[in-house]
Amino acid sequence: MYRSAFFLTVVTLLAASVVGFRPSSDSPSGLQPLKFRPLPLGSVKPAGWLKDQLRIQADGLSGHLDEFWPDIKDSGWIGGKAEGWERAPYWLDGLVPLAYLLDDPGLKAKVQRYMDYALTHQAEDGWLGPEKSATGKYKARDPWPVFVMLKALTQYQEATADPRVVPAITKYLKCLHGQINERPLFDWNRMRWQDGVLTAYWLYEKTGESWLLDLARKMKEQGYDWQAHFRDLPHKQKVQKWEHESHVVNNAMAIKTPAVCFRLSGSPADAEMGRRAIETLDAYHGQVSGIFSGDENFAGRMPSQGTETCAVVEYLFSLETLIQAIADPAFGDRLEQIAFNALPAPFKPDMWARQYVQQANQPVAKVSKERVYTTNGEKANLFGLETNYGCCTANMHQGWPKFASHLWMQTADGGLAAVAYAPSKLSTTVKGVPVSIEVITDYPFSNQIIIRVETGKPVVFPLHLRIPGWAKSGTLRVTGSGDVRGGGDAKKWVADTARFQILDPEWSGRNQVVLTFDMPVRAEKRYNNAVALWRGPLAFSLKIGEDWKKIAGEEPHADWEVLPTTPWNYALAIDEKRLAEAVTVETKAVAGNPFNPSETPVSIKVTGRRIPQWDVEKNAAAAPPPSPVSSAEPLETLTLIPYGAAKLRITEFPVLKVQ
Ligand SMILES: [Zn+2]
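Residues numbered from 1 in each chain as written. Predicted model: local features only at pLDDT ≥ 70, side-chain atom pairs only at ≥ 80, totals over all residues. Heavy atoms only, no water.

Here's the deal with helix α15 (residues 309–326)
(1) Moving on: When the terminal C-alpha atoms of α15 are compared, their 26 Å separation across 18 residues agrees well with the 26 Å that a helix rising 1.5 Å per residue should span.
(2) Moving on: The buried fraction of α15 amounts to 18 of the 18 residues, a majority that puts the element mostly inside the structure. (Helix = DSSP H or I, 4+ residues; strand = E, 2+ residues; numbered from the N terminus. Expected span 1.5 Å × (residues − 1). Buried < 20%, exposed > 50% of the residue type's maximum accessible area, 1.4 Å probe, protein only.)

Here's what the structure looks like:
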């Protein structure tokens, strides 16, 4: 619970972290209303370093795959002979928000070409997309790739209001509804049914046609029971075979299932499973950056196990969905944790190459017949175009754009919520009044967030500001040209848990809210009693010298090994009770790409000694020796940089015995 150090006149403190549930009897035949409603694509636009990340990806693989990669360039989705299954829909699911958030005419034209083809080649009975993949690898009329295409189409409709989209989606879902009894869900579409249901809800909210909810219920009945799966996870150890149930991407996608089920049932027990799913995955397979291992099935907590890039972007989208139904600020904390650490990690800084899997302890990325992964191949941690398998090459694009468009949401009490923080601009209307909000910050690299709220005329509405769970103290200052009473004085807080703090003054003219989070370096206990260091939402990793060695392909989209040029096997000389004395933080303003190891705006200096017996095994770091450890090696000063910037890294360190 919240321990109040102050009470600001204009601030209503929300002690409970969850906005109250509306009883299900309010909408007996419909859907549970959302606590937080996402804004139509284009309402929240990225700025600052976040916009730069979108630009980098537009100038990298995201904006160019259709020019050279056969599975997009010659996709079955535009009548071509290459893969006609999930890859073009995956790419569009990220390209659509990328194009419209950057307002880039070239990217919009690319989107248009694929959308026009799909919308003008719908089958008589409503089927969307290729009847059968030209490669012959997949069953005919598989709903799975269409579920992905529907997510791209709904975003495209929000951005363009293209009048063809709602009828096309209606026709497709009717076709699915008509066949689902005779031809039940199977394979991937049976595991990923909840993503198809999201579009049925999207359409139901537009048309109110009850057969859509009947379809949603049937999909839930036929689909894999993720609620039972997370209630008592059947896979508590590293999994030794490939299977759907413990597949890393299936599970990352399934984290949204509690929200999907809650909207149908209204049962708090359904919603509660969202928290349970995350806790369970953390307990048995959790990795320091907030993701869980899967290479490509669950692989335990050892920090050299891999996590697939598809699972990273899908976990983000699951959290963005979960928080809409459940409004738990802890989901916002996790969203930032994964977006700021695990999301940038697998990308070459220019985003022309990606890893299939990333590792928390990753001192080398090279081809290796001997490998720590259960089913992933010898190139799984290279930075490449389609090394190991091409799904991540197609699916990686949604990460940053969807994160940007979900930074702000509308709340059930008629206000706006800051779900996550990054430089951005929001334009919307509240009670018919135009409202614009600008977030000016280098966060998470800096600890200060300036939120400028401007309204067309005076209007009262609540602004829900997420206070992260790690922000045990900080200050909040509100100033305004209008009737924002109590403005000007910085107020300090002390708190224990993540929460939403609500400001509900009459907003008038220009107002400014300044949030400052205290960010002392924190230590977290990990596998084998190892320690990871945190500052705010950023995990820090040893900066290892990187030798990028091109091994195949043509630049800019070549395949690279990354070999270490400096040692990595260090234990830290820290006393966790006196951590502040052991670390020095260096910060500067963001300039360039903050996820490029040579441009990172924040670093931590700490001392440590090498542990000679801690070596590479199977071309990965061996498990960190159990701490505390001893070493006779000389004491050295080490530089740690953000996890997402370190393309080679050690994040979970052994700790030296306190002398
Ligand atoms: Zn993948």
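What about the pairing of strand β22 (residues 559–564)?
(1) Moving on: In terms of burial, β22 is largely enclosed, as five of its six residues are buried.
(2) Moving on: With six bridges joining them, strand β21 (residues 546–552) and β22 adopt antiparallel strand pairing. Its bridge partner being in β22, K550 is matched across the sheet by W560.
(3) Moving on: Remark: six residues form the turn of the hairpin made by β21 and β22, two consecutive strands paired antiparallel; G553 in that turn has positive phi of roughly 80°. (Pairing = 2+ DSSP bridges.)

Considering the pattern of salt bridges
(1) Moving on: Summed over all chains, the structure comprises 35 salt bridges.
(2) Moving on: Between R466 and D333 there is a salt bridge, and its shortest N-O distance comes to 2.8 Å. One end of the pair, R466, is in strand β12 (residues 463–467); the other, D333, is in helix α16 (residues 329–342), and 133 residues separate them in sequence.
(3) Moving on: Accessibility expressed as a relative area gives 0% for R466, which makes it buried.
(4) Moving on: Look at D333 and you get buried, because its relative accessible area is 16%.
(5) Moving on: A salt bridge links K492 to D518, with the shortest nitrogen-to-oxygen separation between them at 3.0 Å. (Salt bridge = Lys/Arg side-chain N within 4 Å of Asp/Glu carboxyl O.)

Section: the coordination of the zinc ion
(1) Moving on: Taken together, E308 (OE), C310 (SG), C391 (SG) and C392 (SG) make up the protein donors of the zinc ion, found 2.1 to 2.3 Å from the metal.
(2) Moving on: Bound by four donor atoms, the zinc ion shows angles of 93 to 122° at the metal and therefore tetrahedral coordination geometry.
(3) Moving on: Within one chain, the residues serving as donors to the zinc ion are arranged as E-x1-C-x80-C-C. Taken together, the residues span a long stretch of sequence, with E308 in strand β4 (residues 307–308) and C391 in helix α17 (residues 391–395) at a distance of 83 residues.
(4) Moving on: Residue classification places E308 among the buried residues on the basis of a relative accessible area of 1%. (Donors = N, O, S within 2.8 Å, 3.2 Å for Na, K, Ca; no water. Tetrahedral: all angles 85-135°; square planar, octahedral: opposite > 155°, others 65-115°.)

Describing the pairing of strand β8 (residues 424–430)
(1) Moving on: The alternating pattern of β8 places S424, L426, T428 and V430 on a buried face and K425, S427 and T429 on a face that is not buried.
(2) Moving on: The loop that links β8 with its antiparallel partner strand β9 (residues 433–440) comprises two residues; one of these, K431, has a positive phi angle of about 50°.

Focus: the side chain of T393
(1) Moving on: For T393, the position within the fold is in helix α17.
(2) Moving on: If we ignore the near neighbours within four places in the chain, the residues touching T393 are L65, W69, R354, L385 and E386. (Contact = heavy atoms within 4.5 Å.)

Digging into helix α13 (residues 257–265)
(1) Moving on: Burial analysis of α13 places eight of its nine residues in the buried class, which makes it a mostly covered element.
(2) Moving on: Every buried residue of α13 is listed here: T257, P258, A259, V260, C261, F262, R263 and L264.
(3) Moving on: Of the residues trailing α13, G266 is marked for its positive phi of about 70°.

Here we look at the domain arrangement of the protein chain
(1) Moving on: One can read the domain layout of the protein chain as domain 1 (4–19 + 418–517), domain 2 (64–222) and domain 3 (522–645).
(2) Moving on: With centres defined by C-alpha atoms, the gap from domain 2 to domain 3 works out at 41 Å. (Domains from an automatic or database assignment.)

A closer look at the packing of aromatic side chains
(1) Moving on: What the rule picks out here adds up to 27 aromatic pairs.
(2) Moving on: Their ring planes at 75° and their centres at 6.0 Å tell us that Y90 and W144 sit as a pair that is edge-to-face. A residue pair is termed long-range when its members are at least 10 positions apart, and Y90 in helix α4 (residues 87–102) and W144 in helix α6 (residues 143–160) qualify at 54 residues. Both residues of the pair, Y90 and W144, count as buried.
(3) Moving on: Through successive ring pairs, a cluster of aromatic residues spans W49, F340, W400, F403, Y421, Y443, F445, W470, F517 and F595.
(4) Moving on: Lying over the aromatic face of W144, R192 brings its terminal NZ or CZ to 4.7 Å of the ring centre. (Phe/Tyr/Trp six-rings, centres within 6.5 Å; stacked < 30°, edge-to-face > 60°. Lys NZ or Arg CZ within 6 Å of the ring centre and 35° of its normal.)

Quick notes on the nonpolar core
(1) Moving on: Counting 210 residues, the largest nonpolar core has L173, W408, I451 and L465 as its most contacted members.
(2) Moving on: The biggest single contributor to this core is α15, with twelve residues.
(3) Moving on: Apart from the residues lying within four places of it in its own chain, the contact partners of L173 are L150, T199, A200, L203, W211, L212 and L215.
(4) Moving on: Of all hydrophobic cores here, the second largest spans seven residues; its members include A360, W534, A539 and Y643. (Core = buried A, V, L, I, M, F, W, Y, C linked by side-chain atoms within 4.5 Å.)

A short note on the packing of helix α5 (residues 105–120) against α6
(1) Moving on: Between α5 and α6, the shortest axis-to-axis distance is 12 Å and the interhelical angle comes to 115°. What the angle tells us is that α5 and α6 run roughly perpendicular. Between α5 and α6 lies a crossing whose hand is left-handed. Across from V111, Q112, M115, A118 and L119 in α5, the residues of α6 making contact are M149, A152, L153 and Y156.
(2) Moving on: In terms of residue class, the contact of α5 with α6 is made up of eight nonpolar, one polar and no charged. (Axes fitted to C-alpha atoms, helices over the stretch in contact; angles between N-to-C directions. Parallel < 35°, antiparallel > 145°, perpendicular 65-115°, else oblique. Left-handed = near helix turned anticlockwise from the far one by under 90°. Nonpolar A, V, L, I, M, F, W, Y, C, P; charged D, E, K, R; others polar.)

Some details on the sheet that holds strand β3 (residues 44–46)
(1) Moving on: Pairing within the open sheet is antiparallel, and its seven strands lie in the order β3-β8-β9-β10-β17-β13-β14. Each end of this open sheet is capped by a strand with a single partner; those strands are β3 and β14 (491–494). If you compare each strand with its neighbour and ignore which way they point, the axes differ by 15° on average.
(2) Moving on: Pairing analysis gives seven bridges linking strand β10 (residues 448–455) to strand β17 (residues 510–517), with the strands arranged antiparallel. By the bridge assignment for β17, I451 is matched with V513.

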